[in-house]
Amino acid sequence: MLKFLIDADTGIDDSVAICYALRQPNVRVVGITTSFGNTTAPQGAENSLRLIKMMDPGYEVPVVVGENKPLFGDWHGPEYHIHGSNGIGGVELPETDQKPLDMKAEDFIIEMAREHGRELTIITLGRMTNLALAVQKEPNLPQMVKNVIFMGGTFKERGNVLPHSEANIFGDPEAADIVFRAGFDLTMVGLDVTHKTQVTPEALAKLKKYASPENQAFADYIIKATDDVYFPFNHAQNNCLDRSPVHDPSALVYATCPQLFKTVRVPARVECKGEFTRGMIVTDFREYPFDAQYVNICVDVDHVRVLEKIISTFTAKAFKI
Ligand code: BDR
Ligand code: CA
């Protein structure tokens, strides 16, 4: 059984990643912590709770509200123009009685690491603020858990905030650099692969058509959530193509099917300064590289099989593109 702790800024692609994880028969989601980004941390927790209710995984998934701003400085607020008024495209999912746990996200991360030890994979889908605070509080965290997989950053692909910077890293580069230096077995699922895997409204329509009965609510939700702002935003940002990159679900597919990705292993740090480079992942291929830890960076992907894997999770029969 794979054990995942997911840290998310629960927006639209985060929600697909969470639902994907909750539907894997060989995965147990031991908890969800939230951070600011696509929406606020409290709203992200509310979204996560409602998604858990919708998916009804058959076991309890605790949710904890995490940090609502970066380690340094302020936060400009949610990405309404990408993820809608509430982070999930303005869709009002049914309410749930489950409440977030009354504790700090970093303490929950440490508690889960103590409980599940080297079986635990921490997957971050937003800013790394909660994880940075956790490792500052418990410096042995990297040795306590199995690994960390994160959606964020870019290696050779263009950035989506600055020329070389991706939103999750740019949103709190100091936190990301703390995680990069901490000693985790760390894998980056960045724009080099998430831009290659793209979903279209037609693929979602097929998902709905073939969704198994227990996933009908998810299918209805994701079509509504992407309709108003997500596909139109991606249409504008991605050379007017009617398709959208598959960011956060790619990290979950890596966590469950790493054989679909090609990685390189290289010393890397996060640039925390620079008018044009803040949030850039700096890799060092020199013979005598700078003092940095090795990071596994996804550089290529079997994007057809990744998309098939995601859609098949929700359909009655294996889905072929
Ligand atoms: C990342 O930024 C967020 O908007 C998405 O959810 C994803 O995690 C993509 O750059
Ligand atoms: Ca995210």
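Rules used in this analysis
- Residues numbered from 1 in each chain as written.
- Chains lettered and ligands numbered in written order.
- Predicted model: local features only at pLDDT ≥ 70, side-chain atom pairs only at ≥ 80, totals over all residues.
- Heavy atoms only, no water.
- Donors = N, O, S within 2.8 Å, 3.2 Å for Na, K, Ca; no water.
- Helix = DSSP H or I, 4+ residues; strand = E, 2+ residues; numbered from the N terminus.
- Buried < 20%, exposed > 50% of the residue type's maximum accessible area, 1.4 Å probe, protein only.
- Core = buried A, V, L, I, M, F, W, Y, C linked by side-chain atoms within 4.5 Å.
- Contact = heavy atoms within 4.5 Å.
- Near = heavy atom within 4 Å.
- Polar contact = N/O pair within 3.5 Å; in protein donor to acceptor, adjacent residues only side chain to side chain.
- Areas by Shrake-Rupley, 256 points an atom, 1.4 Å probe, with all protein chains shown as cover.
- Nonpolar A, V, L, I, M, F, W, Y, C, P; charged D, E, K, R; others polar.
- Salt bridge = Lys/Arg side-chain N within 4 Å of Asp/Glu carboxyl O.

### Re the coordination of the calcium ion (ligand 2)
So, step 1. Protein coordination at the calcium ion (ligand 2): the donors are D9 (OD), D14 (OD), D14 (OD), L125 (O) and D248 (OD), at 2.2 to 2.8 Å from the metal.
So, step 2. Sequence spacing of the donors to the calcium ion (ligand 2): D-x4-D-x110-L-x122-D. With a gap of 234 residues between them, D14 in helix α1 (residues 12–22) and D248 in helix α12 (residues 248–256) connect regions that are remote in the sequence. Just as D14 is buried, D248 falls in that class too.

### Some remarks on the nonpolar core
So, step 1. With 64 residues, the main nonpolar core has I6, V29, L125, F218, Y221, L252 and F261 as its most contacted residues.
So, step 2. Once residues within four sequence positions are removed from consideration, L252 is found in contact with F4, I6, A17, Y20, A21, I123 and L125.
So, step 3. Judged by nonpolar contacts, the second largest core, of 37 residues, contains A105, L131, A132 and M144.

### Thoughts on the site of ligand 1
So, step 1. As a structural note, the neighbourhood of ligand 1 is formed by D13, D14, N38, H83, L125, M151, N160, E166, A167, N168, H247 and D248.
So, step 2. Here D13 contributes a side-chain N or O atom positioned 2.6 Å from an oxygen atom of ligand 1.
So, step 3. In this structure, an oxygen atom belonging to ligand 1 sits 2.9 Å away from a side-chain N or O atom of N168.
So, step 4. The fraction of the free accessible surface of ligand 1 (280 Å²) that becomes covered by protein chains is 94%.
So, step 5. Those elements that provide at least two residues to the shell around ligand 1 are α1 and α7 (167–170).
So, step 6. Classifying every residue of the shell around ligand 1 by side-chain character gives 3 nonpolar, 5 polar and 4 charged.

### Considering the pattern of salt bridges
So, step 1. Scanning the model with the defined rule gives 12 salt bridges in all.
So, step 2. With its nearest N and O atoms 3.2 Å apart, the salt bridge here joins E138 to R114. Taken together, the positions of E138 in the loop between α5 (129–137) and α6 (141–144) and R114 in helix α4 (residues 105–116) put the pair 24 residues apart, joining distant regions of the chain.
So, step 3. By relative accessible area, which is 12% here, E138 ends up buried.
So, step 4. On the basis of relative accessibility, which here comes to 57%, the residue R114 falls in the exposed class.

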